[in-house]
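# Results of the structural survey
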Amino acid sequence: MAEPKTKYDRQLRIWGEQGQAALEKASICLLNCGPTGSETLKNLVLGGVGSITIVDGSKVELGDLGNNFMVDESSLGQSKAKCVCSFLQELNDAVKAKFIEEHPEALIDTNPSFFSQFTLVVATQLVEESMVKLDRICREANVMLIFARSYGLTGLVRISVKEHAVIESKPDHFLDDLRLNNPWPELRGFAEAIDLNVQDPVAHKHIPYVVILVKMADEWIKSHGGSLPSTREEKREFKELLKARMVAMDEDNYKEAIDASFKVFAPRGISSDLQQIIIDSCAEVASNSSDFWVMVAALKEFIANEGGGEAPLEGSIPDMTSSTEHYINLQKIYQAKSEADFLVIEKRVRNILKKIGRDPNSIPKATIKSFCKNARKLKVCRYRLIEDEYNNPSLPELQKYLTDEDYSIAVGFYILLRAVDRYAANFNSFPGQFDGGMDEDISRLKTTAVSLLNDLGCNGLTLTEDLINEMCRFGAAELHTVAAFIGGIASQEVIKLITKQFVPMSGTYVFNGIDHKSQLLSLY
Amino acid sequence: MADAAPPSKSRDLDKLLLRPGNLVGPSFEPGVQLRDDLQEYAKVLVVGAGGLGCELLKDLALSGFKNLEVIDMDRIEVTNLNRQFLFRLEDVGKPKAEVAAKRVMERVSGVNIVPHFCRIEDKDIEFYSDFNIIALGLDSIEARSYINAVACSFLEYDSDDNPREETMKPMVDGGTEGFKGHARVIVPGVTPCFECTIWLFPPQVKFPLCTLAETPRNAAHCIEYAHLIKWDEGHSGKAFDPDNPDHMKWVYDEAVKRAELFGIPGVTYSLTQGVVKNIIPAIASTNAIISAACALETLKIASGCSKTLSNYLTYNGVEGLHTKVTEFVKDKDCLVCGPGVLVELDATVTLQKFIDMLEEHPKLLMSKASITYRGKNLYMQAPPVLEEMTRSNLSLPLYDLMDKVPKDILHATGTINKDNKKSSGLRKLRVNFKGIDGVTDMDMAGGA
Amino acid sequence: MIKLFKVKEKQREIAENANGKAPVKKQSAGELRLHKDISELNLPKTCSISFPNGKDDLMNFEVTIRPDEGYYLGGTFLFSFQVSPIYPHEAPKVKCKTKVYHPNIDLEGNVCLNILREDWKPVLNINTIIYGLFHLFTQPNYEDPLNHDAAAVLRDNPKLFESNVRRAMAGGYVGQTFFTRCM
């Protein structure tokens, strides 16, 4: 076994070879390598990201030794970017690591095209003004962007990408695709060939529940004018019919059938999430449409035609009590239909590509196959520009959060994080940044916060005195544990964005290190 | 105008430790003394030097703690390197605790970390009593249960069944699996202990042996057949060693054969390892998140610089991002951290008399009690073979049987007769012997 | 809590001079629950228990079953129990130490009993397991077989099964396998 493969074993079991390959192709730019940025990057370097470029214009000070693991005493006075870069290089020599001794703000102002070369930019510890500028630059250049900030016992993480489509969303719990409420002919035929009334007790208790339910549902339909159980009474009756067929107490297959009977009653067709995706305007494809939307267009056609209102069959079945023979044969039936559906979709994809003037073979078979398998779980994430969120946050959401006990500290911090940036723009330092004059800083921060709330249209809503005091107490400190937490979250989201697996968070994550009631705010 | 403070390593931490606040712990006394005391007096033990342990050591070293110790019985493996960032390729084979301690001390000057390359069970109780806070970066229920029992054993209660603050040994416990994890604060006597909430951990899924033998359906069944059933057939007597590559290869080959026999797809070497070793997928980011939360709580508990997590944080990053704080309540009848029932008696009372006393004790009403003390079964009502073996203890003074300590904990199990209803019960008892020299305060009951 | 930490230094010195040794052995919650289960054992006369490591090690014990009816009447079967420190979160590990010709027990001593694996619940106890084992001898079944051949014979030819069992218990060959006498 090759060494790199073994080293990454524990993570390959999560995102597989393809995910790893995507990571290894990615180039990441980090802005500011204090502990927040350094910890974010550390997790990505350990994971094997392709290349990193660290941008930071500061020199290592004594205080940095107290919160940043990537610098040590020998780094004092040197470029922080250089020191962090060399430490990170040690962590994984497969990663190409570079640094640029430059203040990110300067780069943002004077050399915006610098950012176009990267897959993703991790922007840490930026103030509002720089965030807005960078956001525009990256959005224009189609470079993924994630903001991360630590401030005392609070902080935030926010992705900013125009659109991120996920095929392999790999949700924790997702209903299997058994079509017990809508069996196709081959499945029906397979079930028909098995006799539920077999005499041998071993055979009786090793008939898979899928077969039991398909047959019992069919029987019901025949005696109920063509429809499946729908009322509570009918559903109960259906379960009783199942129970009546048990010849012994220990027939696990029948118990499984009863537990799974809800799958027979479930409504047919696609979920509302999927419905939203296929009616999205991007599904009207043109020559510059992404592969994802081309496949969605094909999916839309399939659902309306061959699919009969259903998405392509996923193809796998869960484990269930069964004889090996029945189980294997049942698996084959599902795999065959899944394959058949895939071939139809593939044909449609190639036709659509031709129609929009693209090479019909430009989307690989494997991609289309994965798309089909994951069709029911597709996710499209879109993020507003920071500027829009800041200028037009969803007022009802904001008001709801500010008055909800569990949310109030996190939302309070969200407002205060913006308030301290305004404060800094006015007074050239953060409130409480220096000892002495605390009372004045508190009062100034309060005024700033109130005016911000007014600008947002939340007149009358206030933040507690305690929280404002606390924000001044923080004095813009970058605490290692908070930075490590924020960095962990940010790095995890970066991995999802780059591997295009799992669903990235939506909204703005606000960390609440006081009682850990952090919140994900959807301010759209 | 504001004064710039002279440059200090503690530049950022000072904001939390030196300044007063309103959203802080109950006994918070901000100031230079606090910061210095944290450095000089606070001793934290990190249990585990793996994915969580490495992060914990770094986080604690950069949170003002200067006296740390770390215990781990494992050696570094290649598969650790994607997240246990204190280790390099050339460290493979060396003890984790030793390398981790060394690396952190190299980078963070002033911190002292003592490594212990051994099992947690190999240490005396005195070892654990030395620490103010124990931070856990473990990956097994068994290890957590052990440390929990140790930490809770220091807890003492007063005669009003209130826990005594100076005997509380707080723990912070973290766990991760893929994109999920948890961080919790355990203050024995205040929050639930690990045992109070053991139902939070679902038991491991086990396949029926007859499915493995007769009706395998998937690759995991074939692998477990080879591992649990076929191995013994071919290697009678020799224990299967999951870390022995030859053993693993043997299981893999057998699993492949079986899969071919039944027409089952999907047996790979990687899956074989995963099933047999119960490998939990792991990444750096989740470990970083959970450890950071644990270290932050450790800082708060030690210094009071902010309110603490109350008391269980769950984290899930699979779909978006979800964190939730749940305040679990401790089980007052918990055998490990609960106060138990106070029983006071003379040093002359025999075991038989003691057992009779339990029947009348208003808080117990326990008849036919069997008694166990520190792993020694003093008297067993059943089965007959044990009853015979322990019968002779009945006539001995309980004080002697308890090694002549003035107070200690024992456990009794028997039939509880309450409100005319009989049920079986297991109770923790705080036994206090009256009139023994050395027990200055009659109100002090309990023991370790 | 930092104040307490400083106070603790002083306290430790005092404690070291006081009566009462520092406690040595830790007893896990699992051991306590096991202690309860064992003290409540209510075994039929066909089952007996022994503790090879003495009265203070309840985690490792042996149970002997002497069925008084059915195919296995007259036989003596020894089972070893290994209880984990996190009992009852985990079921005890039970193995049959006597080589037996039985559809639900294989030649290596693995026992197919649902409550030992997939159906174990912390609310069950040692008594339930012993009763479950006893039941295997009074009602062997061919539906959940570990010993495929024995199961087939029981299903197709109960008379032959009976004589195979007797021969095995008396000491002798069944097919290619030799069984030591256990009567």
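Residues numbered from 1 in each chain as written. Chains lettered and ligands numbered in written order. Predicted model: local features only at pLDDT ≥ 70, side-chain atom pairs only at ≥ 80, totals over all residues. Heavy atoms only, no water.

Naming follows an unreviewed UniProt entry, where chain B appears as NEDD8-activating enzyme E1 catalytic subunit of Herrania umbratica. One UniProt comment on chain B, placed under Catalytic activity (unreviewed entry), says "ATP + [NEDD8 protein] + [E1 NEDD8-activating enzyme]-L-cysteine = AMP + diphosphate + [E1 NEDD8-activating enzyme]-S-[NEDD8 protein]-yl-L-cysteine." What UniProt states about chain B under its Sequence similarities (unreviewed entry) heading is, verbatim, "Belongs to the ubiquitin-activating E1 family. UBA3 subfamily." (UniProt positions renumbered as here; feature names shortened; annotations may be inferred.)

Looking up chain A in an unreviewed UniProt entry gives the name NEDD8-activating enzyme E1 regulatory subunit, with the organism given as Herrania umbratica. Word for word, the UniProt comment on chain A under Pathway (unreviewed entry) is "Protein modification; protein neddylation." Comment text from UniProt for chain A, heading Sequence similarities (unreviewed entry), reads "Belongs to the ubiquitin-activating E1 family. ULA1 subfamily."

## What to know about the packing of helix α3 (residues 35–47) of chain A against helix α22 (residues 480–499) of chain A
Residue and element names in this part refer to chain A. Across the interface, α3 lies against α22 with an axial gap of 7 Å and an inter-helix angle of 45°. On the basis of the axis angle, α3 is oblique to α22. For the pair α3 and α22, the crossing hand works out as right-handed. Contacts between α3 and α22 involve Pro35, Thr36, Glu39, Thr40, Asn43 and Leu44 from the former and His480, Ala483, Ala484, Ile486, Gly487, Gly488, Ala490, Ser491, Val494 and Ile495 from the latter. For the contact of α3 with α22, the residue count by class is eight nonpolar, seven polar and one charged. (Axes fitted to C-alpha atoms, helices over the stretch in contact; angles between N-to-C directions. Helix = DSSP H or I, 4+ residues; strand = E, 2+ residues; numbered from the N terminus. Parallel < 35°, antiparallel > 145°, perpendicular 65-115°, else oblique. Left-handed = near helix turned anticlockwise from the far one by under 90°. Contact = heavy atoms within 4.5 Å. Nonpolar A, V, L, I, M, F, W, Y, C, P; charged D, E, K, R; others polar.)

## A look at the UniProt feature "domain: THIF-type NAD/FAD binding fold" (unreviewed entry) in chain A
Here the UniProt feature "domain: THIF-type NAD/FAD binding fold" (unreviewed entry) sits at residues 8–502 of chain A. Secondary structure across residues 8–502 of chain A comprises 53% helix and 8% strand; the distance between its end C-alpha atoms is 18 Å.

## Digging into helix α6 (residues 128–141) of chain A
Residue and element names in this part refer to chain A. Taking 1.5 Å of rise per residue, the 14 residues of α6 would be expected to cover 20 Å, and the 20 Å separating its terminal C-alpha atoms lies within 8% of that figure. Within the sequence span of α6, burial applies to Glu128, Ser130, Met131, Val132, Leu134, Asp135, Ile137 and Cys138. Phi turns positive, to about 60°, at Asn142, one or two residues after α6. (Expected span 1.5 Å × (residues − 1). Buried < 20%, exposed > 50% of the residue type's maximum accessible area, 1.4 Å probe, protein only.)

## Topic: the pattern of salt bridges
One pass over the structure, following the stated rule, counts 79 salt bridges over all chains. Close ionic contact of A:Glu465 with A:Lys446 constitutes a salt bridge, the shortest N to O distance being 2.6 Å. With A:Glu465 in helix α21 (residues 465–474) and A:Lys446 in helix α20 (residues 438–455), this pair connects stretches of sequence that are 19 residues apart. Residue A:Glu465 is classed as partly exposed on the basis of its relative accessible area of 43%. A relative accessible area of 34% places A:Lys446 in the partly exposed class. Measuring nitrogen to oxygen at the nearest pair gives 3.2 Å for the salt bridge that ties B:Lys249 to B:Asp253. In this pair, B:Lys249 and B:Asp253 are both assigned in helix α9 (residues 245–262), four residues apart and thus about one turn of the helix distant. A relative accessible area of 42% places B:Lys249 in the partly exposed class. Taking the relative accessible area as the measure of exposure, B:Asp253 reaches 31% and is therefore partly exposed. (Salt bridge = Lys/Arg side-chain N within 4 Å of Asp/Glu carboxyl O.)

## Here we look at the side chain of C:Asp57
Residue and element names in this part refer to chain C. Positionally, Asp57 belongs in the loop between β1 (47–50) and β2 (60–65). Classification of Asp57 by relative accessible area gives buried; the value is 19%. Polar contacts involving the side chain of Asp57 include one to the side chain of Asn60, which spans 3.3 Å. (Polar contact = N/O pair within 3.5 Å; in protein donor to acceptor, adjacent residues only side chain to side chain.)

## Brief notes about the sheet that holds strand β14 (residues 421–433) of chain B
Whether parallel or antiparallel, the strands of a sheet pair through hydrogen bonds between backbone atoms. Residues and elements named next belong to chain B. With mixed pairing, the five strands of this open sheet are ordered in space as β10-β14-β13-β11-β12. Whereas interior strands pair on both sides, the edge strands pair on one side only; in this sheet they are β10 (341–345) and β12 (376–379). Ignoring strand direction, the axes of neighbouring strands in this sheet form an average angle of 35°. Here helix α12 (residues 351–360) sits on the sheet in contact with β10, β11 (366–373), β12, β13 (407–418) and β14, set at roughly 130° to β11. (Pairing = 2+ DSSP bridges.)

## Here we look at the interface of chain B and chain A
At the junction of the two partners, chain B supplies 83 residues and chain A supplies 85 residues. For the pair chain B and chain A, the summed buried area comes to about 7,100 Å², and 59% of that belongs to carbon and sulfur atoms. When the buried surface of chain B facing chain A is broken down by residue, B:Arg19, B:Arg107 and B:Arg217 rank first, second and third, together holding 11% of it. Here chain B and chain A share eight salt bridges between them. When the shortest N-O distance is used, the salt bridge between A:Asp172 and B:Lys180 registers 3.1 Å. The interface formed by chain B and chain A includes 35 residue pairs in polar contact (both at pLDDT 80 or more). Going through the elements one at a time, α1 (13–17), α3 (51–61), α4 (96–107), α10 (269–276), α11 (284–303), β8 (312–316) and β9 (322–326) of chain B are the ones with two or more residues in the side of chain B that touches chain A. Residues of the side of chain B that touches chain A, tallied by class, amount to 42 nonpolar, 22 polar and 19 charged. (Buried area = accessible area lost by both parts, 1.4 Å probe.)

## Digging into the domain arrangement of chain B
As far as domains go, chain B holds domain 1 (24–202 + 282–326), domain 2 (209–276) and domain 3 (341–439). For domain 1 of chain B and domain 2 of chain B, the distance between their C-alpha centroids amounts to 37 Å. (Domains from an automatic or database assignment.)

## Some words on the UniProt feature "domain: E2 binding" (unreviewed entry) in chain B
When the UniProt feature table is mapped onto this chain numbering, "domain: E2 binding" (unreviewed entry) sits at residues 343–434 of chain B. Strand forms 43% of residues 343–434 of chain B and helix 23%; the C-alpha atoms that close the span are 10 Å apart.

## So, the sheet that holds strand β4 (residues 93–96) of chain C
Residues and elements named next belong to chain C. One open sheet accounts for four strands, arranged β1-β2-β3-β4; its pairing is antiparallel. The open sheet is flanked by β1 and β4, the only strands paired with a single partner. In this sheet, adjacent strand axes meet at a mean angle of 25° when their direction is disregarded. Pairing geometry for β1 and β2, over four bridges, is antiparallel. Opposite Ile49, over in β2, you have Val63 as the bridge partner.

## Things to note about the UniProt feature "active site" (unreviewed entry) in chain B
The positions UniProt marks with the feature "active site" (unreviewed entry) are B:Cys210. Looking at the element boundaries, B:Cys210 is found in helix α7 (residues 209–213). The contact partners of B:Cys210, leaving out residues within four places of it in the chain, are B:Thr215, C:Cys112, C:Asp144, C:Pro145 and C:Leu146.

## Description of the domain arrangement of chain A
Often the size quoted for an interface is simply the accessible area lost on bringing the parts together. Along its sequence, chain A is carved into domain 1 (3–162 + 479–521), domain 2 (196–265), domain 3 (272–381) and domain 4 (390–474). Using only C-alpha atoms to locate each centre, domain 1 of chain A and domain 3 of chain A end up separated by 35 Å.

## Observations regarding the side chain of A:Lys215
All names here are of chain A. Mapped onto the elements of the fold, Lys215 is located in helix α9 (residues 209–223). For Lys215, which is buried and forms no salt bridge, the nearest opposite charge comes from Asp195, at a distance of 6.2 Å. A polar side-chain atom of Lys215 sits 2.6 Å from the main-chain carbonyl oxygen of Ile194. Residue contacts for Lys215: discarding those within four places in its chain leaves Ala191, Glu192, Ile194 and Leu196. (Lys, Arg positive; Asp, Glu negative; His and termini not counted.)

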